[in-house]
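Secondary and tertiary structure notes
Okay, here's what each chain looks like letter by letter:
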Amino acid sequence: MYIPTKTTSENHSIQQEIRQIVIDPGHGGRDPGGHRGNVEEKAIVLDVAKRVKDKLLYDGYEVIMTRERDTYISLENRVSVANDLNADLFLSIHANTANDSSINGVETHYIGDSASFARLLQTTTVNRVNMNDRGIFESPFYHFPTEDSLFNRVKGKAKR
């Protein structure tokens, strides 16, 4: 996974506003997520999240993880971490599986009117990891319920 750095003018205004990032390695504990053989999604995404955390810390971001080991955290509590900290970005990492091996690549899901940020993240990730571009999708995931929520603040920053 590649998080855009402060090197291009296209993402400069978004990047200036993002300082604190909450990383959520999906699943964990009693929720293994997808699996292939005896490899579980929860282990893969925790490893990826730790690598993303290290890269972001190196780039000067403040990073908070919703989990650092194999523990279960409810979706509501994952989102609450970001809102309680007043974080600038909530990044939930998943590694989906499918029986059809032709279904592969990177996709980015977003809520509300944050398509421009989702597109930026998708494009830079696909270019960096050289994988199939499965596109961006507006998805009805669990959202940030308050008016001053993380989502509302980030979507406002992405419009600038």
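All figures in this text were calculated on a predicted structure; none of them were measured in a lab.

Turning our eyes to something else, we now look at helix 3 (residues 75–85). Looking at helix 3, one finds that the buried residues are R78, V79 and A82. The buried side chains of helix 3 occupy one side of the element, clustering within an arc of 90 degrees when seen end-on. Trailing helix 3 by a residue or two, N86 shows a phi angle of about 60 degrees, which is positive.

Position of A98 among the secondary structure elements: in the loop between strand 5 (89–93) and strand 6 (106–110). C-alpha of A98 to C-alpha of H35: the two residues are 63 residues apart in sequence and 9.2 Å apart in space. Once residues lying within four places of it in the same chain are set aside, the contact partners of A98 are R36 and I103.

A few words on the pattern of salt bridges. Applying the stated criterion to the full structure yields seven salt bridges. In this structure, the salt-bridge partner of D70 is K42, at a minimum N-O distance of 3.1 Å. Taken as a pair, D70 in the loop between strand 4 (62–65) and helix 3 and K42 in helix 2 (residues 41–58) lie far apart in primary sequence, 28 residues in all. Residue classification places K42 among the buried positions, given a relative accessible area of 11%. Measuring nitrogen to oxygen at the nearest pair gives 3.0 Å for the salt bridge that ties K53 to E68. Remark: E68 occurs in the loop between strand 4 and helix 3 and K53 occurs in helix 2; sequence separation between them is 15 residues. For K53, a relative accessible area of 18% corresponds to the buried category. Residue class for E68 comes out partly exposed when judged on its relative accessible area of 38%.

Quick look at unusual backbone geometry now. Comment: phi is negative for the bulk of residues other than glycine, and the bulk of peptide bonds are trans. Here the phi dihedral of H27 falls at roughly 65 degrees; this positive angle occurs in a residue that is not glycine. Take H27: it is sitting in the loop between strand 1 (20–25) and strand 2 (35–36). Given a relative accessible area of 18%, H27 falls into the buried group. Positive phi values are uncommon outside glycine, yet N86 reaches one of about 60 degrees. With respect to the helices and strands, the residue N86 is situated in the loop between helix 3 and strand 5. Take N86: its relative accessible area is 42%, and that puts it in the partly exposed class.

Take the nonpolar core next. Ranked by internal contacts, the top residues of the largest apolar core, which has 16 residues, are I18, I21, I23, V52, L56, Y61 and I93. At the level of elements, strand 1, helix 2, strand 4, strand 5 and helix 4 (115–129) are the ones that each hand at least two residues to this core. A per-element tally of this core places helix 2 first, with five residues. Leave out the neighbours within four places in its chain, and I18 touches Y61, D88, L89 and F117. Listed in part, the six residues of the second largest apolar core include V22, I64, A82 and A87.

About the thresholds
Residues numbered from 1 in each chain as written. Predicted model: local features only at pLDDT ≥ 70, side-chain atom pairs only at ≥ 80, totals over all residues. Heavy atoms only, no water. Buried < 20%, exposed > 50% of the residue type's maximum accessible area, 1.4 Å probe, protein only. Helix = DSSP H or I, 4+ residues; strand = E, 2+ residues; numbered from the N terminus. Arc of directions from axis to C-beta. Contact = heavy atoms within 4.5 Å. Salt bridge = Lys/Arg side-chain N within 4 Å of Asp/Glu carboxyl O. Core = buried A, V, L, I, M, F, W, Y, C linked by side-chain atoms within 4.5 Å.

In short, shape yes, function no, at least from these values alone.
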